[in-house]
Amino acid sequence: MWNAQKIQEVVESNKIVIFAKGSKMMPMCGFSQHAIALVGRLGKPFEVVNIFDDPNIRPSLIEYSKWPTTPQVFVGGELLGGSDIVEELMNDGELQKKVEAAFAG
Amino acid sequence: MLTVEAVQSMIQKAFPGGRVAVSDMTGTSDHFEVEVVSELFEGKSRLDQHKMIHAAVGDHLGAAIHALKIKTRTP
């Protein structure tokens, strides 16, 4: 059963997790696809939760993160944002630093 | 469906004096690209800057607006 507590568990037990429309292999939205591709370039293991797997995932995710759109990228338990922010963070080199820190911890 | 002008006007209201550019990414009036240059972003994280844009379009996000590509900058 998906609820905000389960979202929190998933976020805290994965160094990198993306809540996306569609799966890692088959994204179903250009923004989700873009976020998955960007994170994939980091060469670290990451989890993708397909919000279409269960109707409770999306409302639980929004309740937990207070962020209204998907994809949502979490690194080290912190919500970074959607694909636009992840792209900017990657271009600035900040994403790589956050990921290094998450995997070092 | 929302027009580019409608989205522009909603966001412009939230950022008086700011520069707001909106375009329709797909020609379907539901995927918009937004660029906002405003001093209100000063000192705020990217996450909070995007939240300000989300707030400006309110309940339209996830309804009439399916997707919003956002770029925020300070002047």
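Above this text you will find the structure in question.
Residues numbered from 1 in each chain as written. Chains lettered and ligands numbered in written order. Predicted model: local features only at pLDDT ≥ 70, side-chain atom pairs only at ≥ 80, totals over all residues.

**Things to note about the sheet that holds strand E3 (residues 67–73) of chain B**
Residues and elements named next belong to chain B.
In step 1: Ordered in space as E1-E2-E3, the three strands form an open sheet in which the pairing is mixed. Each having just a single partner strand, strand E1 (19–24) and E3 make up the two edges of the open sheet. Going across the sheet, the axis of each strand differs from the next one's by a mean of 15 degrees, ignoring polarity.
In step 2: As paired elements, strand E2 (residues 31–37) and E3 share seven bridges and run parallel to each other. Each residue of the ladder has a partner; that of phenylalanine 32, found in E3, is leucine 68. (Pairing = 2+ DSSP bridges. Helix = DSSP H or I, 4+ residues; strand = E, 2+ residues; numbered from the N terminus. Axes fitted to C-alpha atoms, helices over the stretch in contact; angles between N-to-C directions.)

**Brief notes about the sheet that holds strand E4 (residues 78–81) of chain A**
All names here are of chain A.
In step 1: The strand order E2-E1-E3-E4 describes an open sheet built from four strands, whose pairing is mixed. Here the strands that pair on one side only, and so sit at the sheet edges, are strand E2 (47–50) and E4. Averaged over all neighbouring strand pairs, the angle between strand axes comes to 25 degrees, with direction disregarded.
In step 2: Bridge count between strand E1 (residues 16–20) and strand E3 (residues 72–75): four bridges; the pairing is antiparallel. Looking across to E3, one finds that phenylalanine 19 is bridged to glutamine 72.

Read these as layout, nothing more, since geometry by itself doesn't imply function.
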